[in-house]
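The primary structure of each chain is shown beneath.
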Amino acid sequence: MPPVPIPVHSYTWIFGLTVAFSFLDAYAIGANDVANSFATSVGSRSLKLWQACCIAIFTEFIGAIALGASTTGTIKDGIIALALFDKRQDLLMAAFMCALIGSSTWVMIATRFGWPVSTTHSIVGALIGVGISAYGTDAVNWAWEGKGVAQIVASWLISPAVAAILAAGIYGLTRQFVLKAKNPLRAGIYAIPVYFVVTTFIVGFYVVSKNGKSTLKITAATFGGPLTVAGDVALCMGIVGGMSAFVLLVCVVCAIPYFIRKLEKEEDLKWHHFFYIFAVPTQPKNEKLEHDLKAQFTPHLLEDGEKVIPTADTEQKVHVADGQTDSKNVVSTIKNGLQGTYELAKKGLFMDVASVQSENAQSAHGHATIYDNKVEFLFSFLQVMTASFASFAHGSNDVANAIGPLAAVHDLWSTGKVAKNATVETWMLAMGGIAIDLGLALYGWRIMINLGNNLTYHSPSRGFAMELGAALSVISASFLALPVSTTQCIVGATIGVGLMNGTAKAINWKMVSWTLFSWLLTLPVAGVSAGCLYALLTRGPSFNK
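If you're wondering where the values come from, they're calculated on a predicted model, not measured in any experiment.

Looking at the overall build of the protein chain
Right, on to step 1. When its secondary structure is counted, the protein chain shows 17 helices and four strands.
Right, on to step 2. Residues classed as buried in the protein chain amount to 54% of the 545 residues present.
Right, on to step 3. For the protein chain, restricting intrachain contacts to residue pairs at least 6 apart in sequence, the fraction spanning at least 24 positions comes to 80%.
Right, on to step 4. Entry remark: accessible area of the protein chain is about 23,800 Å², with carbon and sulfur atoms responsible for 66%.

Some thoughts on the packing of aromatic side chains
Right, on to step 1. Going through the model one piece at a time under the given rule, you end up with 18 aromatic pairs.
Right, on to step 2. An angle of 75° between the planes, with centres 5.3 Å apart, marks the rings of Tyr258 and Phe259 as edge-to-face. For the residue pair Tyr258 and Phe259, the accessibility class agrees, reading buried in each case.
Right, on to step 3. Taking 5.8 Å as the distance between ring centres and 80° as the angle between the ring planes, the aromatic pair formed by Trp514 and Phe517 counts as edge-to-face. Residue Trp514 and its partner Phe517 are located together in helix H17 (residues 509–539), separated by three residues, close to a single helical turn.
Right, on to step 4. The rings of Tyr258, Phe259, Trp271, Phe274, Phe275, Phe377 and Phe381 are connected pair by pair, giving a single aromatic cluster.

So, empty space enclosed by the protein
Right, on to step 1. Enumeration over the complete set of coordinates arrives at two cavities of 30 Å³ or more.
Right, on to step 2. In this structure, the largest cavity spans a volume of roughly 40 Å³.
Right, on to step 3. Contributing to the lining of the largest cavity are Gly188, Ala191, Ile192, Tyr195, Leu378, Phe379 and Leu382.
Right, on to step 4. Listing elements by their share of the lining of the largest cavity, those giving two or more residues are helix H6 (184–210) and helix H11 (373–397).

Concerning the pattern of salt bridges
Right, on to step 1. Per the stated rule, a full pass over the model turns up seven salt bridges.
Right, on to step 2. With a shortest N-O distance of 2.7 Å, Glu266 and Lys374 are connected by a salt bridge. One end of the pair, Glu266, is in the loop between helix H7 (233–264) and helix H8 (289–297); the other, Lys374, is in helix H11, with 108 residues separating them in the sequence.
Right, on to step 3. According to the relative accessible area criterion, Lys374 is buried, its value standing at 8%.
Right, on to step 4. In this structure, a network of salt bridges that share partners links the residues Glu266, Lys285, Glu290 and Lys374.

Some points on the environment of Glu60
Right, on to step 1. In this structure, Glu60 sits in helix H2 (residues 49–67).
Right, on to step 2. In this structure the C-alpha to C-alpha distance between Glu60 and Ile434, which are 374 residues apart in sequence, comes to 8.6 Å.

What counts as what
- Residues numbered from 1 in each chain as written.
- Predicted model: local features only at pLDDT ≥ 70, side-chain atom pairs only at ≥ 80, totals over all residues.
- Heavy atoms only, no water.
- Helix = DSSP H or I, 4+ residues; strand = E, 2+ residues; numbered from the N terminus.
- Buried < 20%, exposed > 50% of the residue type's maximum accessible area, 1.4 Å probe, protein only.
- Contact = heavy atoms within 4.5 Å.
- Areas by Shrake-Rupley, 256 points an atom, 1.4 Å probe, with all protein chains shown as cover.
- Phe/Tyr/Trp six-rings, centres within 6.5 Å; stacked < 30°, edge-to-face > 60°.
- 1 Å grid on protein atoms, 1.4 Å probe; cavity = no way out; pocket = protein on both sides within 12 Å on 5 of 7 lines; lining within 4 Å.
- Points joined across faces, edges and corners; volume = space filled by probe spheres on them.
- Salt bridge = Lys/Arg side-chain N within 4 Å of Asp/Glu carboxyl O.

The values are spatial; any link to function lies outside them.
Next up, the structure:
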């Protein structure tokens, strides 16, 4: 039977709370999920924290607005049956609100402890909780088919394993043919066009195929089943091919001459010389090049033996009011509040994430092989590009985790009913993009500290392999109908590259254990919290008869 609609603009308070917690959920996604995209770039010192935030502000927001889905599934991955709520659409509104509260609360808690968790699994776990609370265990799809709970559990192993293998393979090839070559710098410079073109093709294809407005769908109905292709393949491949050809032209005309002169001849070239290098006259030699590169990538290995890694004050005290509320202290309270906000923003943008290391991490770093900083400098450009593309695709695709339930509640509030796919308004995408950017800028450093350098040693060549391996694993898995999480992919890729050092001691297994523990907690914690809240709202004491 068709859904029984509720009166239009009913339960406005539910709609208002859903908007608020949708913003918080998007904020948490920025602080946790987006931080994953840039953690390796910041950890390897290819980017400073404030630079990563500036790039993400544009890539995430533009990705959400320009390529965000115009419709979204009201029940993520069909994990619970929407038809169960046909007779009580008001309860469906409450269910979505509780799911967002449970999901956002868990992701914020995980972020506070520096645990990289899957925000997709968090919202799915919350929906499972409200489904069980409303209609029992039969309301949930526990099977493998239809992207059920069995697939989510399997992804805890599949995601990191696939990404680890791919990232380790990419780094292994790089190490063999570039880092260990007779002339690593020359090999790296002439390998630039190959790396850039292949990377552009892979990440470009990722963006084109995974964004919310893409018509290209290449997937299998089940694992091992035949691939099905839908959408305008020629257009999508034309876009990716055009991007790759343009990058190849830039590499040949600008990149190779620029890096030969800057790194081999050690000319004092500025960044803007890259774009018109063929017209730049010979520059004086940069006598500080070696020192500057060591200070950037391996500050703990400077020849004078002095450690220049600053100790980040991760326990900065924020001055707050003394608790008195009389009128004389109002101005002081406001000033202290503004000062505290400023300190948090400054900490979120300017902390030296790469320098904050635990004892176990420092021990793991001691087992990593260090390569020529000039060659590592080449890979820093590749790493920034892969992180930016991944962030752009993330803004267009994963913003639906926070916006999907909001779109459903908005449909229920404005029309009285909701279809299988809810309409996503532009203001929702804009709100999600802004919240994601704020989350990364103000709180993303907590995840970057752990993923950036506390799992294993990061360098630009390693970070590039990690990011490309994670992106490639997501694409491959979507083709094969394998369940994967982008968060778990980057963690697996980091471990895989770390093991390429030839010893398990190069991995901080204590941090790995905490990460796995947080994955195991995601479904039950988000589910129990959302389910209990739903039961409290719908079955608790009420003033209404």
